[in-house]
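Residues per chain, in single letters:
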Amino acid sequence: MALLKATDLKIGYSNNVVFENLNFTVNAGDYLCVVGENGSGKTTLIKGILGLLQPYNGQVEYSDGLSRNHIGYLSQQQKLSKDFPASVSEIVMSGFLNNRIIAFNYTKQERNEAMRIMQRTGVDSFRKKSFSELSGGQQQRVLLARALCAAKKLILLDEPTSALDPLATAEFYSVVKALNKEGMAVIMVSHDITSAVRNASHILHLSSDSYFFGTTHEYMHSSFGSRLLISDCPCDACAHNTKRGGREDA
């Protein structure tokens, strides 16, 4: 069963339609990268998924026990100031507050879960440090850990590596890939199509007048992917006749 399903989605601002008739699904364990040119609607789509924008038409449905409050979210613009006076542990555990109406003391179960997540994202060794003491890459992994405290089955990442250097970017992608292999579904907005193809199971490519949705394998042989990538897919069976998902004629 799909965790998330967009059907005939039409979204915009002030009667200015950004995209319409958009259809895609995210199943448990999927890793979907959303790519496309500037202004194609990637961030708009994220706001639609999170319920921050109401669609003009169509809908985003959640299933398999998923709700908006159970989606971990890491935005492109960090919501915390880099000199925020809090420790790494405090920031990570604040992710649990996403599912509360009133903040109480953290439970033992939450503290144990936060420690597990900090270990998994590689931030446990500096959990007592102030957030302001960390490098940009370390801060982004801390914010990823916080998002995971809110996430049950799906995490949504909006250009999470845009301010990171190449090494920190590679480390971040490695952590996300490992989390996905452990069963966490991922939706990542990215300008880095090469990394998207390397890591994702599915691609949603938004364009000004059309879109592509399908597996990464299909994308590499689509009219969208072929304009941007040199395919080295070893599968002779698909050649360039692979059945393609969504709309792909620009």
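Heads up: these notes are all about the structure in this document. Quick caveat: nothing in here was measured; it's all calculated off a predicted structure. (Residues numbered from 1 in each chain as written. Predicted model: local features only at pLDDT ≥ 70, side-chain atom pairs only at ≥ 80, totals over all residues. Heavy atoms only, no water.)

1. Remarks on the packing of aromatic side chains
Per the counting criterion, the structure on display carries three aromatic pairs. Between the aromatic rings of F24 and F213, the centroid separation amounts to 6.1 Å while the plane-to-plane angle is 55°, which identifies the pairing as tilted. In this pair, F24 is assigned in strand β2 (residues 16-27) and F213 in strand β9 (residues 211-215), connecting sequence segments 189 residues apart. Accessibility assignment for this pair places F24 and F213 in one class, buried. Taking 5.3 Å as the distance between ring centres and 55° as the angle between the ring planes, the aromatic pair formed by F212 and Y219 counts as tilted. The pair formed by F212 and Y219 is uniform in burial state, with each residue classed as buried. (Phe/Tyr/Trp six-rings, centres within 6.5 Å; stacked < 30°, edge-to-face > 60°. Helix = DSSP H or I, 4+ residues; strand = E, 2+ residues; numbered from the N terminus. Buried < 20%, exposed > 50% of the residue type's maximum accessible area, 1.4 Å probe, protein only.)

2. Brief notes about the sheet that holds β2
Reading across from one edge, β2-β1-β4 is the order of the three strands in this open sheet, with antiparallel pairing throughout. With one partner strand each, in any of the chains shown, β2 and β4 (57-62) form the two edges of the open sheet. The mean angle between the axes of side-by-side strands here comes to 15°, regardless of whether they run parallel or antiparallel. One ladder, built from eight bridges, connects strand β1 (residues 2-13) with β2; its direction is antiparallel. Considered in β2, the bridge of L4 is made with V26. (Pairing = 2+ DSSP bridges. Axes fitted to C-alpha atoms, helices over the stretch in contact; angles between N-to-C directions.)

3. Structural notes on the pairing of strand β8 (residues 202-206)
With five of five residues buried, β8 is to be regarded as a mostly interior element. In β8, alternate side chains face the same way, and those of H202, L204 and L206 on one face and I203 and H205 on the other are all buried. Summarising the sheet, strand β3 (residues 31-36) and β8 pair through five bridges and their orientation is parallel. The residue bridging V34 from the neighbouring strand is L204, located in β8. Judged from the five bridges that link them, β8 and β9 form a sheet pairing that is antiparallel. Bridge pairing links L204 to F213 in β9. Connecting β8 to the next strand, β9, in antiparallel fashion are four residues.

4. Side note on the side chain of S222
Assignment of secondary structure puts S222 in the loop between α7 (216-220) and α8 (223-228). For S222, a relative accessible area of 1% gives the class buried. Side-chain polar atoms of S222 contact the backbone nitrogen of G225, separated by 3.1 Å. (Polar contact = N/O pair within 3.5 Å; in protein donor to acceptor, adjacent residues only side chain to side chain.)

5. Structural notes on the environment of E218
With respect to the helices and strands, the residue E218 is situated in helix α7. The spacing of E218 and H202 is 16 residues in sequence and 8.7 Å in space, taken between C-alpha atoms. A polar atom in the side chain of E218 sits 3.0 Å from the backbone nitrogen of T215.

6. Remarks on the sheet that holds β8
Taking strand neighbours across the sheet as the criterion, the six strands line up as β5-β6-β7-β3-β8-β9 in an open arrangement whose pairing is mixed. A strand with exactly one partner marks an edge of an open sheet, and here the two such strands are β5 (71-74) and β9. Each neighbouring strand pair of the sheet contributes to a mean axis angle of 15°, computed without reference to strand direction. Direction of pairing for β3 relative to strand β7 (residues 185-189): parallel, over a ladder of four bridges. Across the sheet, residue C33 finds its bridge partner in β7, namely M188. Most of the contacts of helix α4 (residues 136-150) go to β5, to which it runs at about 160°, and overall it touches β5 and β6 (154-158). (Contact = heavy atoms within 4.5 Å.)

7. Quick notes on the pattern of salt bridges
What the rule picks out here adds up to two salt bridges. The partner of R116 in a salt bridge is E113, and the shortest N-O contact between them spans 2.8 Å. Taken as a pair, R116 and E113 lie in helix α3 (residues 108-120) at a separation of three residues, close to a single helical turn. A relative accessible area of 29% places E113 in the partly exposed class. Taking the shortest distance from any N to any O, the salt bridge between E182 and R120 comes out at 2.4 Å. Highlighted residues: E182 in the loop between α5 (166-181) and β7 and R120 in helix α3, separated in sequence by 62 residues. (Salt bridge = Lys/Arg side-chain N within 4 Å of Asp/Glu carboxyl O.)

8. Some points on the packing of α4 against α5
Axes are the key here: two packed helices are described by the angle between their axes and the distance separating the axes. In contact at an axis separation of 9 Å, α4 and α5 are set at 20° when each is read in the N-to-C sense. Comparing the axis directions of α4 and α5 gives the class roughly parallel. Helix-helix and strand crossings are classified by hand; for α4 and α5 the assignment is right-handed. Mapping the contact onto sequence places G137, Q140, R141, L144 and L148 in α4 and A168, E171, F172, V175, V176 and L179 in α5. Classifying every residue of the contact of α4 with α5 by side-chain character gives seven nonpolar, two polar and two charged. (Parallel < 35°, antiparallel > 145°, perpendicular 65-115°, else oblique. Left-handed = near helix turned anticlockwise from the far one by under 90°. Nonpolar A, V, L, I, M, F, W, Y, C, P; charged D, E, K, R; others polar.)

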